[in-house]
Amino acid sequence: QVQLVESGGGLVQAGGSLRLSCAASGRTFSIYHMAWFRQAPGKEREFVASISWNGGTTYYADSVNGRFTISRDNAKNTVALQMNSLKPEDTAVYYCAAQKVVGLMYDYWGRGTQVTVSS
């Protein structure tokens, strides 16, 4: 079992930055691929970024590539999402997710943290 708790959300002006963090419980955190998703009001949840179990491989949605950076610290059981040059369209609830096998469903989800970007 892995429990995920997100933090770091808030209100920021366009062009600003936020750093989200996801803290994971459990001793097996390092075997999971981790990802961030987001869901804006009235829209479906969408993929934002992912990172492999050892941090060696990362993927980004086109909409955030070059502005967001995902990272992890397996010693601290955390994964972070550094968000720069934020835009109003980045406003959403951001979720952390853990995946044991790439290509299959994500096994665990956090409850989310709200990010609001004002114009």
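Here's what I pulled together on the structure shown here.

Bringing the overall build of the protein chain into the picture now. What the protein chain contains, in helices and strands, is zero helices and eleven strands. Scanning the protein chain from its N terminus toward the C terminus, one meets helices and strands in the order β-β-β-β-β-β-β-β-β-β-β. Taken against the 2.2 N^0.38 rule, which gives 14 Å for 119 residues, the C-alpha radius of gyration of the protein chain at 13 Å falls within 12% of a compact globule. In terms of principal-axis extent, the alpha carbons of the protein chain reach across some 40 × 25 × 25 Å. Carbon and sulfur atoms form 49% of the exposed surface of the protein chain, whose accessible area is close to 6500 Å². Of the charged side chains in the protein chain, 11 are positive and 8 negative, and the gap between their average positions amounts to 7 Å.

A few words now on the pattern of salt bridges. Summed over all chains, the structure comprises three salt bridges. For Arg 38, the salt bridge goes to Glu 46, with nearest N and O atoms at 2.6 Å. Linking Arg 67 and Asp 90 is a salt bridge whose minimum nitrogen-to-oxygen distance equals 2.8 Å. Taken together, the residues span a long stretch of sequence, with Arg 67 in the loop between strand 6 (58-60) and strand 7 (68-73) and Asp 90 in the loop between strand 8 (78-83) and strand 9 (92-99) at a distance of 23 residues. Here the two residues Arg 67 and Asp 90 agree in accessibility, since each one is buried. It is possible to trace a salt-bridge network through shared partners that takes in Arg 38, Glu 46, Arg 67 and Asp 90.

What follows is about the nonpolar core. Leu 4, Met 34, Trp 36, Leu 81, Met 83 and Tyr 94 are the most contacted members of the largest nonpolar core, which has 30 residues in total. Every element with two or more residues in this core is listed here: strand 3 (18-24), strand 4 (33-39), strand 5 (46-51), strand 7, strand 8, strand 9 and strand 11 (113-118). The contacts of Leu 4, once residues within four sequence positions are left out, are Cys 22, Ala 23, Ala 24, Met 34, Cys 96, Ala 97, Ala 98, Tyr 108, Trp 109, Gly 110 and Arg 111.

A word on the state of the cysteines. Here is the idea: a disulfide is a covalent bond, and it sits between the sulfur atoms of two cysteines. Considering all chains together, one arrives at one disulfide under this definition. Sulfur-sulfur distance for the disulfide between Cys 22 and Cys 96 comes to 2.1 Å. Taking the sign of the S-S torsion, -80° for the link of Cys 22 and Cys 96, the bridge is left-handed. Taken together, the positions of Cys 22 in strand 3 and Cys 96 in strand 9 put the pair 74 residues apart, joining distant regions of the chain. Taking relative accessible area as the criterion, Cys 22 reaches 0% and is therefore assigned buried.

Counting across every chain of the model gives five aromatic pairs. Ring centres 5.9 Å apart and planes at 70° place the aromatic pair Tyr 32 and Tyr 108 in the edge-to-face group. Placement of Tyr 32 in the loop between strand 3 and strand 4 and of Tyr 108 in strand 10 (residues 108-109) is noted, with a sequence separation of 76 residues between them. Across the pair, exposure class does not vary: Tyr 32 and Tyr 108 are buried alike. Between the aromatic rings of Phe 37 and Tyr 106, the centroid separation amounts to 5.1 Å while the plane-to-plane angle is 85°, which identifies the pairing as edge-to-face. With Phe 37 in strand 4 and Tyr 106 in the loop between strand 9 and strand 10, the pair connects residues that are 69 residues apart, well separated along the chain. The exposure class of Phe 37 is buried, given its relative accessible area of 11%. Pairwise contacts between aromatic rings join Phe 37, Phe 47, Tyr 106 and Trp 109 into one cluster.

What counts and how
Residues numbered from 1 in each chain as written. Predicted model: local features only at pLDDT ≥ 70, side-chain atom pairs only at ≥ 80, totals over all residues. Heavy atoms only, no water. Helix = DSSP H or I, 4+ residues; strand = E, 2+ residues; numbered from the N terminus. Rg over C-alpha atoms; globule rule 2.2 N^0.38 Å. Areas by Shrake-Rupley, 256 points an atom, 1.4 Å probe, with all protein chains shown as cover. Lys, Arg positive; Asp, Glu negative; His and termini not counted. Charge placed at Lys NZ, Arg CZ, Asp CG, Glu CD. Salt bridge = Lys/Arg side-chain N within 4 Å of Asp/Glu carboxyl O. Buried < 20%, exposed > 50% of the residue type's maximum accessible area, 1.4 Å probe, protein only. Core = buried A, V, L, I, M, F, W, Y, C linked by side-chain atoms within 4.5 Å. Contact = heavy atoms within 4.5 Å. Disulfide = S-S within 2.5 Å. Phe/Tyr/Trp six-rings, centres within 6.5 Å; stacked < 30°, edge-to-face > 60°.

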